[in-house]
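Now for the letters of each chain:
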Amino acid sequence: MQVKIAICDDSPADRQFVHDLVSRWASSSGHTARVSEFPSAEQLLFQHPGAADYDILLLDIELGAMDGVTLAKRIRQTNDSVQIIFLTGYSDYIAEGYEVAALHYLMKPVNERKLFSVLDRAVEKLKKNEKVLLLEVGGQLERLPIYEIRYADVAGNYVTIHAVRDLTVKMPLGELEKQLDERFYRAGRSLIVNLTRISRVTRDAIRLADGTSLPLPRGAYEGVNRAIIQLR
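Remember, predicted model here, so these are calculated numbers, not experimental data.

Student: Please clarify how the packing of aromatic side chains should be interpreted in this entry.
Tutor: When we look at a pair of aromatic rings, we describe it by the centre distance and by the angle of the planes. Under the criterion given, the structure shown has two aromatic pairs. Centre to centre, the rings of phenylalanine 38 and tyrosine 54 are 6.2 Å apart; their planes meet at 85°, and the pair counts as edge-to-face. In this pair, phenylalanine 38 is assigned in strand 2 (residues 32-38) and tyrosine 54 in the loop between helix 2 (41-47) and strand 3 (56-60), connecting sequence segments 16 residues apart. There is no split in this pair, since phenylalanine 38 and tyrosine 54 are both buried. Ring centres of phenylalanine 86 and tyrosine 105 lie 5.3 Å apart, and the angle between their planes is 35°; on these two criteria the pair is classed as tilted. Separated by 19 residues along the polypeptide, phenylalanine 86 in strand 4 (residues 83-88) and tyrosine 105 in strand 5 (residues 104-107) bring together distant segments of the chain. Under the relative-accessibility criterion, phenylalanine 86 is labelled buried at 0%.

See below:
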């Protein structure tokens, strides 16, 4: 598989070190990695708005005027599929990474074995993002990449799938559930939610990264949190 990777770090030595590790990972795993380096968040965004050209981002958190978490938030406004991996010398940013669906944190100095493992996971997620649903809507066949789905809910005999645009189809929610993967969780009789889109869970609601608030059925709180932990 060909993978496009961006490394954003204001330390030239750290950029080169991670670049060398990525090259060794690609060689050992049989992938082709096209790697670009950026010394600042601003330069990455200026040259590649929304990081649309990349599959994986390796972002230092302690950058200059714009830090890595802020960069990730900007990217997530338009790009849901890129895999974000934070590199940091501190462990104080995990909650913020949760908000941007970061795949993992790696502490500096980056450990080769851990980086290889996380990059393998990122590639597996990228492959899953290629999976699509074929749905009949209004007499036409619609192709919907499953990574675009935020959640799905039920009204009567119809399921509405909330993605880039909402699609309503006549099918049981259980039938849709069978076509999805481990990123999706059945939170009660009438709701399926994409775990990677969740920014916060309370006893009575799920809040998605885009601000959507979904009522959480009684007794579902522990199950949702457990599913999020298992996914990561």
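From this point, the discussion proceeds with the structure in view.
Student: In this structure, what is going on with the confidence of the model for the protein chain? I would like to understand it.
Tutor: It should be kept in mind that the predicted coordinates are not to be read in detail where pLDDT is low. Averaged over the protein chain, the pLDDT score is 90; the fraction of residues at 70 or greater is 96%. Taken element by element, the protein chain is modelled with least confidence in helix 4 (residues 94-99), mean pLDDT 61, and with most confidence in helix 1 (residues 12-29), mean pLDDT 97.

Student: Which parts of the structure should I look at to understand helix 5 (residues 112-128)?
Tutor: In an α-helix, one turn spans 3.6 residues, which is why side chains three or four residues apart end up on the same side. Taking 1.5 Å of rise per residue, the 17 residues of helix 5 would be expected to cover 24 Å, and the 25 Å separating its terminal C-alpha atoms lies within 8% of that figure. At its buried positions, helix 5 is contacted by strand 1 (2-8), helix 1, strand 3, strand 4, strand 5 and helix 7 (221-231). Looking at where helix 5 begins, the residue whose side-chain oxygen comes 3.0 Å from the main-chain nitrogen of arginine 113 is asparagine 111.

Student: Mind showing me how you'd approach the sheet that holds strand 8 (residues 151-155) here?
Tutor: Pairing between the strands of a sheet is mediated by backbone hydrogen bonds and can be parallel or antiparallel. With antiparallel pairing, five strands are arranged side by side in an open sheet as 10-9-8-12-11. Of all the strands in the sheet, just strand 10 (166-170) and strand 11 (184-186) have a single pairing partner and so form its edges. Going from strand to strand, the sheet's axes swing by 20° on average, the running direction of each strand aside. Where strand 11 lies against strand 12 (residues 191-194), three bridges are found, and the strand directions are antiparallel. Bridge pairing in strand 12 places tyrosine 185 opposite valine 193.

Student: Can you walk me through the environment of serine 190 in this structure?
Tutor: Along the chain, the position of serine 190 falls in the loop between strand 11 and strand 12. Distance from serine 190 to isoleucine 84, taken between C-alpha atoms, is 31 Å for residues 106 residues apart in sequence. Excluding anything up to four places from it in sequence, serine 190 contacts Ala152, Asp153, Val154 and Leu173.

Conventions and cut-offs
- Residues numbered from 1 in each chain as written.
- Predicted model: local features only at pLDDT ≥ 70, side-chain atom pairs only at ≥ 80, totals over all residues.
- Heavy atoms only, no water.
- Phe/Tyr/Trp six-rings, centres within 6.5 Å; stacked < 30°, edge-to-face > 60°.
- Helix = DSSP H or I, 4+ residues; strand = E, 2+ residues; numbered from the N terminus.
- Buried < 20%, exposed > 50% of the residue type's maximum accessible area, 1.4 Å probe, protein only.
- pLDDT = per-residue confidence, 0-100.
- Expected span 1.5 Å × (residues − 1).
- Contact = heavy atoms within 4.5 Å.
- Polar contact = N/O pair within 3.5 Å; in protein donor to acceptor, adjacent residues only side chain to side chain.
- Pairing = 2+ DSSP bridges.
- Axes fitted to C-alpha atoms, helices over the stretch in contact; angles between N-to-C directions.

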